[in-house]
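Each chain is listed here by its residues.
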Amino acid sequence: MAKYKKRKDGRYCALVTIGKDSNGKLIRKAVYGSTIKELEENKAKILVDMEHRTYVKDKTVKWKDISQKWFEGKKIELETNSWMMYERMLNKYLSVLDEKNMIDITYDDFQNIINENLDKPTTCYKLRLTINQICEFALARSVIFKNPAIGLSIPKYKSPEKRALTTEEKKIFKETPL
């Protein structure tokens, strides 16, 4: 059996095994090159990426696709208020990323979304939580090779200042029927 196959268009082709599917069947990727040397270089790039865990199966996967898959899986394990919170984060704040490819999203994209909401510390916390979970989901599926959400900065939450009731407020409180 030949190691490389010459195609009708003059390019050489080889198959590289990139993993196995859930049934144990090998997953292979076709690699091309104009010359055998170029083909071997392209093949070596994929093998090095796989060895360093930087290989991404599909570079065209959109944020919206991954976030929706994550949300559908997450929704079944959550109470109503929790999944509504995640849905609000996705639709209201993170929808600006919907058409971006996952591989192209950077730390700065996420940090800019958080920075736009610095006046709402709780929202920033929920955004970071949601973003990190989606990125971990994508990482586990080899859609991205590293989590760009690591180290996102959020503002500290300042609880409202507590004070004692004045005598006038106490009087009103006691007189008010419950």
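Residues numbered from 1 in each chain as written. Predicted model: local features only at pLDDT ≥ 70, side-chain atom pairs only at ≥ 80, totals over all residues. Heavy atoms only, no water.

### Topic: the overall build of the chain
- For the chain, the count of helices and strands is six helices and three strands.
- Counting from the amino terminus, the chain carries its helices and strands in the arrangement β-β-β-α-α-α-α-α-α.
- On C-alpha atoms alone, the chain measures out to a radius of gyration of 25 Å, which is more than a quarter above the 16 Å that the 2.2 N^0.38 rule sets for 178 residues.
- Taken along the three principal axes of its C-alpha coordinates, the chain extends 95 × 30 × 25 Å.
- The buried share of the chain, taken over its 178 residues, is 29%.
- Look at the contacts in the chain between residues 6 or more apart in sequence, and 55% of them connect residues 24 or more apart.
- Accessible surface, the chain as shown: approximately 12,800 Å² in total, 51% of it carbon and sulfur.
- Where the 36 positive side-chain charges of the chain centre and where its 25 negative ones centre are 5 Å apart. (Helix = DSSP H or I, 4+ residues; strand = E, 2+ residues; numbered from the N terminus. Rg over C-alpha atoms; globule rule 2.2 N^0.38 Å. Buried < 20%, exposed > 50% of the residue type's maximum accessible area, 1.4 Å probe, protein only. Contact = heavy atoms within 4.5 Å. Areas by Shrake-Rupley, 256 points an atom, 1.4 Å probe, with all protein chains shown as cover. Lys, Arg positive; Asp, Glu negative; His and termini not counted. Charge placed at Lys NZ, Arg CZ, Asp CG, Glu CD.)

### Focus: the sheet that holds strand 2 (residues 12-20)
- In spatial order, the strands read 1-2-3; together these three strands make up an open sheet with antiparallel pairing. Only two strands of the sheet have a single partner each, and these edge strands are strand 1 (5-6) and strand 3 (26-33).
- Relative to strand 2, strand 1 is paired through two bridges, and the arrangement is antiparallel. Note on strand 2: the bridge partner recorded for Lys6 is Tyr12. (Pairing = 2+ DSSP bridges.)

### Notes on the state of the cysteines
- Going through the model one piece at a time under the given rule, you end up with zero disulfides.
- In this model Cys124 remains outside any disulfide bridge; the closest cysteine sulfur is found in Cys135, 16 Å from its own.
- For Cys124, a relative accessible area of 0% gives the class buried. (Disulfide = S-S within 2.5 Å.)

### With respect to the packing of helix 2 (residues 63-75) against helix 5 (residues 121-140)
- Where helix 2 meets helix 5, the closest approach of the two axes is 10 Å, and the angle between their N-to-C directions is 100°. On the basis of the axis angle, helix 2 is roughly perpendicular to helix 5. Of the residues in helix 5, those touching helix 2 at Trp63, Ile66, Ser67, Lys69, Trp70 and Lys74 are Thr130, Gln133, Ile134, Phe137 and Ala138.
- Class assignment of the residues belonging to the contact of helix 2 with helix 5 gives a composition of six nonpolar, three polar and two charged. (Axes fitted to C-alpha atoms, helices over the stretch in contact; angles between N-to-C directions. Parallel < 35°, antiparallel > 145°, perpendicular 65-115°, else oblique. Nonpolar A, V, L, I, M, F, W, Y, C, P; charged D, E, K, R; others polar.)

### Considering the packing of aromatic side chains
- In total, this model carries three aromatic pairs according to the counting rule given.
- Taking 5.7 Å as the distance between ring centres and 55° as the angle between the ring planes, the aromatic pair formed by Trp63 and Phe110 counts as tilted. Taken together, the residues Trp63 in helix 2 and Phe110 in helix 4 (residues 107-115) connect sequence positions 47 residues apart.
- Arranged with centres 5.2 Å apart and planes meeting at 85°, the rings of Trp70 and Tyr86 form a pair that is edge-to-face. Remark: Tyr86 occurs in helix 3 (residues 80-93) and Trp70 occurs in helix 2; sequence separation between them is 16 residues.
- Overall, Trp70 belongs to the buried group, its relative accessible area being 6%.
- Accessibility expressed as a relative area gives 6% for Tyr86, which makes it buried.
- For the cation-ring pair, Arg11 lies above Tyr32, with the distance from its terminal atom to the ring centre recorded as 4.6 Å. (Phe/Tyr/Trp six-rings, centres within 6.5 Å; stacked < 30°, edge-to-face > 60°. Lys NZ or Arg CZ within 6 Å of the ring centre and 35° of its normal.)

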